[in-house]
Amino acid sequence: MLRDLAQVSRIRLVSLCLACLGLTGTLPAMAADNPAPPPPDALTARIDTGDADRFAELYARTGGRPTAEQLQREYIDRGSPGLEIFKPHRIVDGQKLAAAVARSPEQYAKAVDTCLPIVKATTPELRATYLAFQGLLPERPLPQIYLVVGASNSGGTAGPGAQVLGLEVLCHVAKTEEDLRNLMRTFYAHETVHVLQQGEDGATANVLLASVLQEGAADFIAGIVTGKQPDPARASWALPREAELWQQFEADLRTLDAVSWDELKPGTPPRQAFSRWIANAGSPPEGWPSEVGYWIGQRIWERWYAQQPDKRAAIRQMLGPHDPSTVLAAGRFRPEGMPPHHRQD
């Protein structure tokens, strides 16, 4: 499961890939008649499964064959604020969702029959994660979590005050109930960080560096909150190869120097350099695990963090805004005299 975790790290990267293609704009505003709820309290937080429940009821009532019109009218148009965040570029509309359901009926049946009850039972994992965040960042409001059913193309995303998880994708990855429960806790932690992140200083940051720092911070802080390395299999593969990985990473940073998101066109050297590290779920370089850029970013932050005297202030600085080049200067890999590896396993 932990190796498969990398394959669904699209939870943030769907937005990132769309940005590469120039397809993203601002997140949809909440409708006046469908406002977002107030931030949850860690002790009473629950996953909002209303959208998934409504899909499951429609799926059962139609014998697993809901029409595009039914999905649009009874599921999408009645969606929560979370579904509004998730819909652009993922679900899109009833026609696209109906086609996805028709292509993979077994995946959707498993999602609603097997995985939905398991996810509902992960409230203790959510509350434990949120209690850790509340202790770490007591002044920061926690995001509401929504569970939706999508078009089998995203594990989820993060939006203003909310994280939204795609049931059918997470269910497809998890092979056992334990896998799914572990996966959900990792996502609760990682995506909460993304909701709290404020970005880097300036709009001219190297797109690869900005991306690995964003994802690396989420994995680093998630490791602190959960007490576990988010992807031990990837970390075990990468650590003995760190020197050679850094040679390639430095070269790719140079390739992407002064390259904008709009220039990351498929088949171009900048896109190839970027995709070696980020946005390659399911199609990494030969012999590599997916999304090694997450681990590279996590290691940069580990070395930077080890140098900070005030650890709580350092966590807040990781959430941004921050200057990526300054972070890199402190966290760059150096074979000699490096701080000890900060283990999270």
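Above this text is the structure in question.
No experiment lies behind these values; they were computed from the predicted model shown.

About the cut-offs
- Residues numbered from 1 in each chain as written.
- Predicted model: local features only at pLDDT ≥ 70, side-chain atom pairs only at ≥ 80, totals over all residues.
- Heavy atoms only, no water.
- Helix = DSSP H or I, 4+ residues; strand = E, 2+ residues; numbered from the N terminus.
- Buried < 20%, exposed > 50% of the residue type's maximum accessible area, 1.4 Å probe, protein only.
- Contact = heavy atoms within 4.5 Å.
- Areas by Shrake-Rupley, 256 points an atom, 1.4 Å probe, with all protein chains shown as cover.
- Disulfide = S-S within 2.5 Å.
- Salt bridge = Lys/Arg side-chain N within 4 Å of Asp/Glu carboxyl O.
- Polar contact = N/O pair within 3.5 Å; in protein donor to acceptor, adjacent residues only side chain to side chain.
- Pairing = 2+ DSSP bridges.
- Phe/Tyr/Trp six-rings, centres within 6.5 Å; stacked < 30°, edge-to-face > 60°.
- Lys NZ or Arg CZ within 6 Å of the ring centre and 35° of its normal.

Draft legend 1. Seen up close, the overall build of the protein. When helices and strands are counted, the protein shows 17 helices and 4 strands. Sorting the 345 residues of the protein into buried and exposed places 53% on the buried side. Of all intrachain contacts in the protein linking residues separated by at least 6 positions in sequence, the fraction that spans at least 24 positions is 75%. As displayed, the protein offers around 14700 Å² of accessible surface, 52% of which is attributable to carbon and sulfur atoms.

Draft legend 2. Seen up close, the state of the cysteines. Tallying each qualifying case throughout the model produces 1 disulfide. In this model cysteine 115 forms its disulfide with cysteine 171; the gap between the sulfur atoms is 2.1 Å. Handedness here is read from the sign of the S-S torsion; for cysteine 115 and cysteine 171, about 65°, the answer is right-handed. Placement of the pair is cysteine 115 in helix H7 (residues 105–120) and cysteine 171 in helix H9 (residues 167–173), with a sequence separation of 56 residues. A single burial state applies to cysteine 115 and to cysteine 171, both of which are buried.

Draft legend 3. Spatial organisation of the environment of glutamate 106. In this fold, glutamate 106 is placed in helix H7. By relative accessible area, glutamate 106 is classed as exposed at 70%. Along the backbone, glutamate 106 and histidine 172 are 66 residues apart, and their C-alpha atoms lie at a distance of 9.9 Å.

Draft legend 4. Quick look at the pattern of salt bridges. For the coordinates displayed, the defined rule picks out 17 salt bridges. One salt bridge in this structure joins arginine 73 and glutamate 74, with 3.4 Å as the shortest N-O distance. With relative accessibility at 47%, the residue arginine 73 sits in the partly exposed group. Judged by relative accessible area, which is 16%, glutamate 74 ranks as buried. In this structure, arginine 234 and aspartate 219 form a salt bridge, with 3.2 Å as the shortest nitrogen-oxygen distance. Of this pair, arginine 234 sits in helix H12 (residues 232–238) while aspartate 219 sits in helix H11 (residues 207–226), and the two are 15 residues apart along the sequence. Exposure class is identical for arginine 234 and aspartate 219. Each is buried. Here the salt bridges share partners, and the residues they tie into one network are Glu57, Arg61, Arg73 and Glu74.

Draft legend 5. Up close: the side chain of threonine 226. Of note, threonine 226 is situated in helix H11. Within the local environment of threonine 226, its side chain forms a polar contact with the backbone oxygen of alanine 222, the two atoms lying 2.8 Å apart. Among the polar contacts made by the side chain of threonine 226, one reaches the main-chain amide nitrogen of lysine 228 at a distance of 3.2 Å. In this structure, threonine 226 is in contact with Arg185 and Ala189, ignoring residues within four places of it in sequence.

Draft legend 6. Main features of the pairing of strand E4 (residues 162–166). Judged by how many residues are buried, E4 sits mostly within the fold: 5 of 5 residues are covered. Along E4, one buried face is formed by Ala162, Val164 and Gly166 and the opposite face, lined by Gln163 and Leu165, is buried too. In this structure, strand E2 (residues 144–148) lies alongside E4, joined through 5 bridges in parallel fashion. In the strand pairing of E4, tyrosine 146 is matched with valine 164. Bridge analysis of strand E3 (residues 156–159) against E4 gives 4 bridges, and the strand direction is antiparallel. Note that in E4 the partner of glycine 156 across the bridge is leucine 165.

Draft legend 7. Region of the structure containing the sheet that holds strand E1 (residues 47–48). Strand order across the open sheet formed by 4 strands is E1-E2-E4-E3, with mixed pairing between neighbours. The sheet terminates laterally at E1 and E3, the two strands that pair on one side only.

Draft legend 8. View of the packing of aromatic side chains. Overall, the coordinates contain 11 aromatic pairs when judged by the stated rule. Residues phenylalanine 55 and tyrosine 108 carry aromatic rings whose centres are separated by 6.0 Å and whose planes lie at 40° to one another, so their mutual orientation is tilted. Highlighted residues: phenylalanine 55 in helix H3 (residues 50–61) and tyrosine 108 in helix H7, separated in sequence by 53 residues. Judged by its relative accessible area of 0%, tyrosine 108 is buried. For the ring pair phenylalanine 249 and tryptophan 277, a centre distance of 5.4 Å and an interplane angle of 85° mean the geometry is edge-to-face. Remark: tryptophan 277 occurs in the loop between helix H14 (269–275) and helix H15 (292–306) and phenylalanine 249 occurs in helix H13 (residues 242–255); sequence separation between them is 28 residues. Here phenylalanine 249 falls in the buried class, since its relative accessible area comes to 0%. Taken together, the ring pairs connect Trp237, Trp246, Phe249, Trp277, Trp288 and Phe333 into an aromatic cluster. In this structure, arginine 90 is placed above the aromatic ring of phenylalanine 86, and the distance from its NZ or CZ to the ring centre is 5.5 Å. One cation-aromatic arrangement involves lysine 311 over tyrosine 305; the distance from NZ or CZ to the ring centre is 4.7 Å.

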